[in-house]
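Examination of the molecular architecture
Next come the chains, spelled out residue by residue.
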Amino acid sequence: MDVPSKTPDDRTAGFTAAFSEIHGSTYMERDAQGLARLGKSQVLKRRFGFLSVFGFSCCILATWETALALFTEAFENGGPAAVVWGFPIAWLCSLSVYLCLAEMSSIAPISGGQYFWVAILAPRRCKRFCGYLTGWLTSLAWIATLAVGSIFTGTIIQGLIILNYPDYEPKNFHGAFLAWAVIAVAILVNIVIAGLLPVLEGIILFIHVLGFIAILITLVYLSPHNSAEDVFFRTLNEGNWPTQGLSFCIGFIGNVATFVGADASIHMAEEIENAAMNVPRAIVTTVILNGTTGWAMVIAVLFCLGNIQSVVDSPTGYPFIQIFYNGTGRAGATVMTVIVILIIWCAVIGFAATASRMTWSFARDHGLPFHQYIQKVDSRTRIPVTAVVVVTVIPCLLNLIYIGSSTAFNDVISMSVSGLYASYLLPCSFLLWRRATGQIKPHRPNEDRNVEIPAWGDGDRNTYQNLTLEDNGDSDVLLEEPTLEWGPWRLPGLLGILNNSFACIYCVWVLFWDFWPPTTPVTGENMNYSVLVTGAVIIFAVARYFLGGKVGYRGPLVDYDVKGFTTHRT
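Within each chain, residue numbers correspond to sequence positions counted from 1 in written order. Note on the predicted model: pLDDT of at least 70 is required for a residue's local features to be given, and 80 or more for side-chain atom pairs to be given and counted; whole-chain, interface and lining totals, by contrast, use all residues. Side-chain measures here rest on the full set of heavy atoms in the structure, leaving out hydrogens and waters.

1. A word on the nonpolar core
We count it as follows: Residues belong to one nonpolar core when they are buried, are Ala, Val, Leu, Ile, Met, Phe, Trp, Tyr or Cys, and are joined through side-chain atoms within 4.5 Å. Per-residue accessibility, obtained with a 1.4 Å probe over protein chains only, is compared with the maximum for each type, and a residue is labelled buried under 20%, exposed over 50%, and partly exposed between these values. Secondary structure is summarised from DSSP: a helix means a run of H or I of at least four residues, a strand means a run of E of at least two, and numbering begins at the N terminus for each.
Formed by 167 residues in total, the largest nonpolar core has its most connected members in Phe 324, Tyr 421 and Tyr 506. When residues in this core are grouped by element, the largest group, 22 residues, is from helix H16 (residues 319-364).

In structure tokens:
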């Protein structure tokens, strides 16, 4: 059942009741007031504390597991040396970007994340357009990430079947069907037992850490070891690029991809207690922990590599399964691969949650077609059920591409990297402009703030507009943030400016190399079409903006509930 429309009195009373429910919980009341300052009422239930959101974020990033799954990209273009040295470089550079996102999540902890930040940070003349473009990039990038995660899980299961049943003849449609099964479980968890998601993430965090320790010790103890020179200094150029440096840059994107998605906790912000502190803490600690475990696993795998050709030509389709098999035998490889499958499968569940919250938030501000349906929240579970369905059906359709061509599906992988990094670049750039020009004021505790929401309609922007309750309760009142304030978590002074500047440069660098093909000579089969896919998304968003989206999306809107409540309070 969807949340129904309400009369003005019902809305004010309902929001007051929401505050009554959380009376005595300082963090939750502060979170609701902080959300009201951003123009939004507390619709979703705050289920996550720090530990559960930390587990959620760690599970989604799943760096050591993703490093195994994406092992060949950096290995073939650069070799062991490129993997072992490229990984910490990607780790530290990604941390720089996520520090900026952590700062913005502390300023405005809201599910919309990047598009909302652009709307409040960008210059007035371009904030609507840039916010709209960022919303589309972020939404589609997370949907693409869900599609990629499901295919990875399905094809790793397929690789495990190949390992145990050598007579099995794998087909692409088998992998796609398995991916659909993975998505079906994600739908079940996100809709039927969504209340258990924080508990599930705590359990998966436990498995994530213990699984890493178990696999690392088993692999290192039982496998034959390569020399340190082979691990740290051996290079490969399987892409036949003119120089080894160029080959390294192409393969480096494989290391970058292992750190994509640490912004997941941002899009769950409206379900996290003390979000202004717990979201940035979860982002930073997740990148640090996953970077540490990921680098350790990469080094261990490279030392236990054994015969390179048998690994590269593994019939399972995944070199890490062959490495497990070479070192521990079929039984050991099966157990270790099942652990990897379990964690990546749970990451897909998190992808679905993240993508649905991002899509729901963008629809709430009228950024998507059929927004009046996508923005609905189930009144019993307080879950955006329609958004969950939308973001899981689209990956099922995208997985049909894999049936036709696994090479073509690789462009969906690149879309997840390029789309997310483009969505990082825009708010990071506007944050740099604001902080370098001193337009962001020091943080003040919530107790010192007035919660009243500055807003305007299409008329006089200096006065509050009379609110109406038309169109099923949709708001037509725009949010204005006249003064920006730092949140409780930030990098101070010059350090923040230097980090912010580097993060912007790094985002541009990643976007440039993400569009290169993996090998030469370039043919229709090995061409990287992600530049066309990403370009098509941008062109579509721009066209829709000027052909109708500009009318539907005018920027972040103020919920009637919040406006009525804050007026009553003041």
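2. Quick notes on the packing of helix H6 (residues 79-107) against helix H19 (residues 406-436)
When two helices pack together, you describe them by how their axes are tilted relative to each other and by the distance separating the axes. The condition that has to hold: Orientation is described by axes fitted as lines to C-alpha atoms, over the contacting stretch for helices, and by angles from 0 to 180 degrees between their N-to-C directions. Oblique is the label for any angle not covered by the other classes, which are roughly parallel (under 35 degrees), roughly antiparallel (over 145) and roughly perpendicular (65 to 115). Crossing chirality is assigned from the near helix's rotation relative to the far helix, an anticlockwise turn below a right angle marking it left-handed and a clockwise turn marking it right-handed. Any two residues having at least one pair of non-hydrogen atoms within 4.5 Å are treated as being in contact. All amino acids are sorted into three groups, where Ala, Val, Leu, Ile, Met, Phe, Trp, Tyr, Cys and Pro are nonpolar, Asp, Glu, Lys and Arg are charged, and the leftover types, Gly among them, are polar.
The N-to-C vectors of H6 and H19 enclose an angle of 65°; their axes lie 10 Å apart at closest approach. The pairing of H6 with H19 is recorded here as roughly perpendicular in orientation. Considering only the axes of H6 and H19, their crossing is left-handed. Across from Ser 94, Val 97, Tyr 98, Cys 100, Leu 101, Glu 103, Met 104 and Ile 107 in H6, the residues of H19 making contact are Tyr 421, Tyr 424, Pro 427, Cys 428, Leu 431 and Arg 435. Counted by class, the contact of H6 with H19 contains 11 nonpolar, one polar and two charged residues.

3. A word on the side chain of Asn 499
Assignment of secondary structure puts Asn 499 in helix H20 (residues 493-514). Overall, Asn 499 belongs to the buried group, its relative accessible area being 12%.

4. Looking at the state of the cysteines
Rules: Two cysteine sulfurs form what is called a disulfide whenever their separation falls within 2.5 Å.
Here the structure, examined in full by the defined rule, presents zero disulfides. In this structure Cys 58 is a free cysteine whose sulfur lies 8.7 Å from that of Cys 59, the closest cysteine sulfur available. Looking at Cys 58, the relative accessible area reads 0%, which means it is buried. Not engaged in a disulfide, the cysteine Cys 126 finds its nearest cysteine sulfur in Cys 130; these two sulfurs lie 4.1 Å apart.

5. Some points on unusual backbone geometry
The amide bond that connects Thr 520 to the next residue, Pro 521, takes the cis arrangement and shows omega of -5°. Examined against the element boundaries, Pro 521 turns out to sit in the loop between H20 and helix H21 (530-552). In the Ramachandran plot, Arg 382 falls in the positive-phi region, its phi being about 55° despite a non-glycine side chain. Relative to the helices and strands, Arg 382 is located in the loop between helix H17 (371-374) and helix H18 (385-404).

6. Considerations on the environment of Ala 257
With respect to the helices and strands, the residue Ala 257 is situated in helix H12 (residues 244-257). With near-sequence residues (within four places) excluded, Ala 257 lies in contact with Thr 66, Leu 70 and Val 417.

7. Quick notes on the packing of helix H3 (residues 50-61) against helix H10 (residues 197-222)
Viewed as axis vectors pointing N to C, H3 and H10 meet at an angle of 60°, and their least axial separation amounts to 8 Å. Considering the angle they form, H3 stands oblique to H10. The chirality of how H3 crosses H10 is left-handed. Note on element contacts: H10 touches H3 through Pro 198, Glu 201, Ile 204, Leu 205 and His 208, opposite Leu 51, Ser 52, Phe 54, Gly 55, Phe 56, Cys 58 and Cys 59. Here the residues of the contact of H3 with H10 sort into eight nonpolar, three polar and one charged.

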